[in-house]
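Single-letter residue listing:
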Amino acid sequence: MRTPRLIAFVMLLVCAQAAFAQEAPRDAEDFYNRGLDRQTAGDLDGALADYDEAVRRDPKLAQAYLNRANVRLAKGDAQGAFADYTKVIELNPRDFMGYYNRGVAHINSGNYEAAAADFDAAQRLNPGAAMIYVNRGFARQLKGDYEAALADYNRAIELAPQLSMAYNNRGSLHQARGALDAALADFNRAVELAPGFARALLNRGVVRGARADHAGAIADLTRAVELAPEDAEAYYHRGTSHQALGDFDRALADFDRAIALDPQSHGYYVQRGVARQAKKDLAGALADFDKAVELNPGDALAYVNRGLLRQERGLADEALRDFTQAIALDPASAPAYANRGIIRLQKGLDAQAEQDFAEAIRLDPSLKASLEKYLAEMRKRGAKPRQ
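Read on for an overview of the structure. (Residues numbered from 1 in each chain as written. Predicted model: local features only at pLDDT ≥ 70, side-chain atom pairs only at ≥ 80, totals over all residues. Heavy atoms only, no water.)

Regarding the overall build of the chain
Okay, step 1: Each helix and strand counted, the chain has 22 helices and 0 strands in total.
Okay, step 2: Over its C-alpha atoms the chain spans a radius of gyration of 27 Å, topping by over 25% the 21 Å that the globule rule assigns to 387 residues.
Okay, step 3: Here the C-alpha coordinates of the chain stretch approximately 95 × 40 × 35 Å along the principal axes.
Okay, step 4: The proportion of buried residues among the 387 residues of the chain is 50%.
Okay, step 5: Of the contacts formed within the chain by residues at least 6 apart in sequence, a portion of 47% connects residues at least 24 apart.
Okay, step 6: If you sum the accessible surface of the chain, you get close to 18000 Å²; carbon and sulfur atoms cover 51% of it.
Okay, step 7: In the chain, which carries 50 positive and 53 negative side-chain charges, the distance between the mean positions of the two groups comes to 3 Å. (Helix = DSSP H or I, 4+ residues; strand = E, 2+ residues; numbered from the N terminus. Rg over C-alpha atoms; globule rule 2.2 N^0.38 Å. Buried < 20%, exposed > 50% of the residue type's maximum accessible area, 1.4 Å probe, protein only. Contact = heavy atoms within 4.5 Å. Areas by Shrake-Rupley, 256 points an atom, 1.4 Å probe, with all protein chains shown as cover. Lys, Arg positive; Asp, Glu negative; His and termini not counted. Charge placed at Lys NZ, Arg CZ, Asp CG, Glu CD.)

Written out as structure tokens, the structure reads:
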């Protein structure tokens, strides 16, 4: 019996190249190999049909279940994929690939505990495979277990010092912890090892933007867009850097593209609303803030920004409601307290305004200077603002 070819996997399910079959398939392995060829060529329906026939002819052909699971996952059939991965483990309990790939599928489904458990099993079977540590680290990071995630990324780098994904993922962990210098160093290494690694370029661009290096951020994000033109995040983050530099036209173009690619991300509407407001397109800005609230009624920032717009348009009561809702959602929102205080002061509600100003300054002492004229107005009217 000929040995069926295997698909090799890294972080995402990526198949190795295969030669196209020259003859009509005769047995299970022929159907398997033609399925592999079709999968490599992007013909997922054809590949699925061939894998179905392969396992019908040989119900113990583990590789066919493995690759059929990958195709099913790519087609959105998570339940079918999990059934196939579990069958692989049943047929080949000492092969780490079944656990490894099922772990990746669990990550994609948001079940990080199950993912980590599968990577644990894979690691016990193959403790020298660096990608297991990369993916287990990612699952642990998504669970919030940062120390264990860092240990896994460090181990992956020890095992495979040229593995760009390990540096990228460790950089994302440093970024999540606010260690921007360490994050930048890791993203630099990831890009050095893999100059065409779009996600590492995107991540480095985000960090550069956070460090106010917006020119560097735009350069990285432009390259990321060239490499992955369907990645909405790259356009969004490039738009935020254009916006930070005051280039609202380019920012709007990027936000438009991000929304076209991913119309369900509420944050994109918030930022486009801010850019539209800066361009004095107040109706467009309001529409964006309304859409952001519709998509995510729990986002305090959307209410703050809509409140600011309504405040600018003289809609004091509507703005007051938005700031109050923002505070209910995020009691640490200093801008919401500050701006609600301004409206209350304008309405003659000095005692309530005083409370709002005090809380805003407590949360963000830097606001005291910008609120000074309102505090002075309160003193003039006889109130004694808190310090």
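There is more to say after this.
Some thoughts on the packing of aromatic side chains
Okay, step 1: Counted according to the given criterion, the structure contains 6 aromatic pairs.
Okay, step 2: Taken together, a centroid distance of 5.9 Å and an interplanar angle of 45 degrees make the contact between tyrosine 236 and phenylalanine 255 tilted. Highlighted residues: tyrosine 236 in helix α13 (residues 232–244) and phenylalanine 255 in helix α14 (residues 248–261), separated in sequence by 19 residues. Summarising the burial analysis for this pair, tyrosine 236 and phenylalanine 255 share the class buried.
Okay, step 3: One aromatic cluster in this structure is built from Phe96, Tyr100 and Phe119.
Okay, step 4: Over the face of the ring belonging to tyrosine 167 we find arginine 189, whose NZ or CZ atom lies 5.8 Å from the ring centre.
Okay, step 5: One Lys or Arg, arginine 257, reaches over the ring of tyrosine 235 and ends 5.8 Å from the middle of that ring. (Phe/Tyr/Trp six-rings, centres within 6.5 Å; stacked < 30°, edge-to-face > 60°. Lys NZ or Arg CZ within 6 Å of the ring centre and 35° of its normal.)

A few points about helix α12 (residues 214–227)
Okay, step 1: Between its first and last C-alpha atoms α12 spans 20 Å; for 14 residues at 1.5 Å apiece the expected length is 20 Å, and the two agree.
Okay, step 2: Turning to α12, its buried residues number three or more, namely His214, Gly216, Ala217, Ile218, Asp220, Leu221, Ala224 and Val225.
Okay, step 3: Elements in contact with the buried residues of α12: α11 (198–210) and α13. (Expected span 1.5 Å × (residues − 1).)

Structural notes on the packing of helix α8 (residues 146–159) against helix α9 (residues 164–176)
Okay, step 1: The geometry of α8 relative to α9 is characterised by a closest axis approach of 9 Å and an angle of 155 degrees between their N-to-C directions. With respect to each other, α8 and α9 are oriented roughly antiparallel. Between α8 and α9 lies a crossing whose hand is left-handed. Here α8 contributes Tyr146, Ala149, Leu150, Tyr153, Asn154, Ala156 and Ile157 to the contact with α9, which in turn contributes Ala166, Tyr167, Asn169, Arg170, Leu173, His174 and Ala176.
Okay, step 2: Taken together, the residues of the contact of α8 with α9 break down into 10 nonpolar, 3 polar and 1 charged. (Axes fitted to C-alpha atoms, helices over the stretch in contact; angles between N-to-C directions. Parallel < 35°, antiparallel > 145°, perpendicular 65-115°, else oblique. Left-handed = near helix turned anticlockwise from the far one by under 90°. Nonpolar A, V, L, I, M, F, W, Y, C, P; charged D, E, K, R; others polar.)

Here we look at the side chain of glutamine 243
Okay, step 1: Tracing the backbone through its elements, the reader meets glutamine 243 in helix α13.
Okay, step 2: A polar side-chain atom of glutamine 243 sits 2.9 Å from a polar atom in the side chain of glutamine 271.
Okay, step 3: In this structure, glutamine 243 is in contact with Phe248, Ala251, Phe255, Gln271, Val274 and Ala275, ignoring residues within four places of it in sequence. (Polar contact = N/O pair within 3.5 Å; in protein donor to acceptor, adjacent residues only side chain to side chain.)

Quick word on the environment of valine 206
Okay, step 1: Mapped onto the elements, valine 206 comes out in helix α11.
Okay, step 2: Along the sequence, valine 206 and leucine 184 sit 22 residues apart, while their C-alpha atoms lie 9.7 Å from each other.
Okay, step 3: The residues contacting valine 206, other than those within four sequence positions of it, are Gln175 and His237.

Comments concerning the pattern of salt bridges
Okay, step 1: In the structure shown here, the tally under the stated rule is 44 salt bridges.
Okay, step 2: Between arginine 26 and aspartate 30 there is a salt bridge, with the nearest N and O atoms lying 3.9 Å from each other.
Okay, step 3: Its relative accessible area of 53% is what places arginine 26 among the exposed residues.
Okay, step 4: The exposure class assigned to aspartate 30 is buried, which follows from its relative accessible area of 11%.
Okay, step 5: Between aspartate 288 and arginine 272 there is a salt bridge, with the nearest N and O atoms lying 2.8 Å from each other. Of the two residues, aspartate 288 is situated in helix α16 (residues 282–295) and arginine 272 in helix α15 (residues 266–278); the sequence distance between them amounts to 16 residues. (Salt bridge = Lys/Arg side-chain N within 4 Å of Asp/Glu carboxyl O.)

Quick notes on the environment of leucine 159
Okay, step 1: Looking at where leucine 159 falls in the secondary structure, it is placed in helix α8.
Okay, step 2: Residue leucine 159 is classed as partly exposed on the basis of its relative accessible area of 30%.
Okay, step 3: In the structure, leucine 159 is positioned 130 residues away from glutamate 29 in sequence and 34 Å away in space, judged by C-alpha atoms.
Okay, step 4: Those residues in contact with leucine 159 that lie beyond four places of it in its chain are Pro127, Gly128, Ala130 and Tyr133.

Here we look at the nonpolar core
One recurring pattern in soluble globular proteins is that nonpolar side chains are buried together.
Okay, step 1: If you look at the biggest cluster of nonpolar residues, it comprises 80 residues, and the most contacted ones within it are Tyr100, Phe119, Ile132, Phe357 and Leu371.
Okay, step 2: At 7 residues, helix α19 (residues 334–346) tops the list of elements feeding residues into this core.
Okay, step 3: Residues Ala47, Leu48, Ala54 and Leu73 belong to the second largest nonpolar core, which totals 21 residues. (Core = buried A, V, L, I, M, F, W, Y, C linked by side-chain atoms within 4.5 Å.)

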